[in-house]
Amino acid sequence: MSVVAIQTSTAATAAQDSAAIRPFTIPIVPQAALDDLRRRITTTRWPDKETVTDQSEGVQLATMQKVASYWGKDYDWRKCEAKLKALPNFVTTIDGLDIHFIHVRSKNPNALPIIITHGWPGSIVEQLKIIAPLTDPVAHGEKAEDAFDVVIPSLPGYGFSGKPTTTGWDPIRIARAWIVLMKRLGYTKFTAQGGDWGNAITEQMALLAPPELIGIHTNMPATVPPDIDKVAFAGAPAPSDLSADEKHAYDQLAYFYKHGLGYANEMANRPQTLYGVGDSPVGMAAWMIDHDAVSYALMARVFDGQREGLTRDDILDNATLYWLTNTTVSSARLYWESKLPFFAPKGIAIPVAVSAFPDELYQAPRSWTERAYPKLIHYNKLDKGGHFATWEQPELFVGELRAAFKSLRSGEAKK
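Residues numbered from 1 in each chain as written. Predicted model: local features only at pLDDT ≥ 70, side-chain atom pairs only at ≥ 80, totals over all residues. Heavy atoms only, no water.

Draft legend 1. Fine view of the packing of helix H5 (residues 128-135) against helix H18 (residues 394-404). The geometry of H5 relative to H18 is characterised by a closest axis approach of 9 Å and an angle of 45° between their N-to-C directions. Overall, the two elements H5 and H18 adopt an arrangement that is oblique. The hand of the H5/H18 crossing is right-handed. Here Lys129, Ile130, Pro133 and Leu134 of H5 come into contact with H18, specifically with Pro394, Phe397, Val398, Leu401 and Arg402. Along the lines of polarity and charge, the residues of the contact of H5 with H18 split into seven nonpolar, no polar and two charged. (Axes fitted to C-alpha atoms, helices over the stretch in contact; angles between N-to-C directions. Helix = DSSP H or I, 4+ residues; strand = E, 2+ residues; numbered from the N terminus. Parallel < 35°, antiparallel > 145°, perpendicular 65-115°, else oblique. Left-handed = near helix turned anticlockwise from the far one by under 90°. Contact = heavy atoms within 4.5 Å. Nonpolar A, V, L, I, M, F, W, Y, C, P; charged D, E, K, R; others polar.)

In structure tokens, the structure reads:
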């Protein structure tokens, strides 16, 4: 049973309007639960050291022992808890499921509404650094007209949202729920953003084409031509007619398909089997840190004491949220539910903005991006940042969102 849950009785829920937006109080985690977490970390049964000198066998023992040492002795969840409690949190029931979300309105009455969706192994923790500069640009040296109203939901089965007890909560259903949420908040025009699962959901919102959605932004675009994807998945040599940018993207894809897809395959096939991952904090953290090779290498450097875009607390805030809400398995089921290809163009007809970060699973070339999104309104190839761009490079990411939707700011976004 999860330590942190939405504390609303069945009777009270039934009495409430199902469409109501209800204030949500971030629960104060009982100290006994934090003590139990530390006990589990400090009593981890460690495997033998890997037999290689690199990370080709997985997350290295030395890295995880450094994670455990800091997590079990020095890390303080209360700091993250206070950050979350200081934000306006809400919950609403959509399609029978409680959806938690952060909603920060800008003081600017002409702010552009945006719904930002996290992925796995992320959470609302990923987006905390971008809320203030998006909603209050003047305080961060930018213009008032760059302001956004920000909505950040927790995916079903993640964080403080409800956990589905029946099948069917795939990215398409979540996309429908997000449209309901934004309309329920009173927005007649809005934008959407996402990476990882957030991209899949945001693209599905665009395909549903509600008139209120005026444009989307993605930092993990789906642009790979089918013939290129097929060859990369097979691990064959790159086609000879690729440009330098396309060849680089191809090499990244081929590497990910060969070396980085294992976690997704397991969760897509057998998410319920992850009992051990859900029962061990260190096991869970290793599973999450090993999302992709570049992100893992960055996090390993962080625990080696190097300064990076992320801190030790950033990484452990996210992992601890998963642990306290007992969402290891419930979050993994999204892979089982989804039948969508991650990188295949979907035929989106509304305006799209793309930020191509170099250390994403692949850095989308402009050529593929222009073909995938006929109404491309912004493309930028950045020289820094990876899969968790909102979290790792918040200043760059905020700048991208401001630039991405500048052409859509014409007084259309109303609430």
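Draft legend 2. Spatial organisation of the pattern of salt bridges. Under the criterion given, the structure shown has 18 salt bridges. A salt bridge links Arg105 to Asp149; its shortest N-O distance comes to 3.8 Å. Remark: Asp149 occurs in strand S5 (residues 148-153) and Arg105 occurs in the loop between strand S3 (97-104) and strand S4 (112-117); sequence separation between them is 44 residues. Taking the relative accessible area as the measure of exposure, Arg105 reaches 42% and is therefore partly exposed. Judged by relative accessible area, Asp149 falls into the buried class, the value being 0%. Among the ionic contacts, a cluster of salt bridges with common partners joins Asp36, Arg39, Arg40 and Asp279. (Salt bridge = Lys/Arg side-chain N within 4 Å of Asp/Glu carboxyl O. Buried < 20%, exposed > 50% of the residue type's maximum accessible area, 1.4 Å probe, protein only.)

Draft legend 3. Local environment of the pairing of strand S8 (residues 352-356). The buried fraction of S8 amounts to five of the five residues, a majority that puts the element mostly inside the structure. Of the two faces of S8, the one carrying Val352, Val354 and Ala356 and the one carrying Ala353 and Ser355 are both buried. Alignment of strand S7 (residues 213-218) against S8, held across three bridges, turns out to be parallel. Bridging from a neighbouring strand, His217 pairs with Ala353 of S8. When S8 meets strand S9 (residues 376-381), the two strands line up parallel, connected through five bridges. Within the sheet, the bridge partner assigned to Ala353 lies in S9 and is His378. (Pairing = 2+ DSSP bridges.)

Draft legend 4. Examining the nonpolar core more closely. Among the nonpolar cores identified, the biggest contains 128 residues, and Trp71, Trp77, Trp120, Trp178, Met205 and Phe343 are the most heavily contacted of them. Ignoring any residue separated from it by four or fewer positions in sequence, one finds Met205 in contact with Ile115, Ala175, Trp178, Ile179, Phe190, Ala192, Pro210 and Leu213. (Core = buried A, V, L, I, M, F, W, Y, C linked by side-chain atoms within 4.5 Å.)

Draft legend 5. Examining unusual backbone geometry more closely. Pro121 follows Trp120 through a cis peptide bond whose omega is 0°. With respect to the secondary-structure elements, Pro121 resides in the loop between S4 and H5. In this structure, Asp95 is a non-glycine residue whose phi angle is positive, near 55°. Relative to the helices and strands, Asp95 is located in the loop between strand S2 (89-94) and S3. Even without being glycine, Ala209 reaches a positive phi, approximately 55°. Mapped onto the secondary structure, Ala209 falls in the loop between helix H7 (197-208) and S7. The exposure class of Ala209 is partly exposed, given its relative accessible area of 44%.

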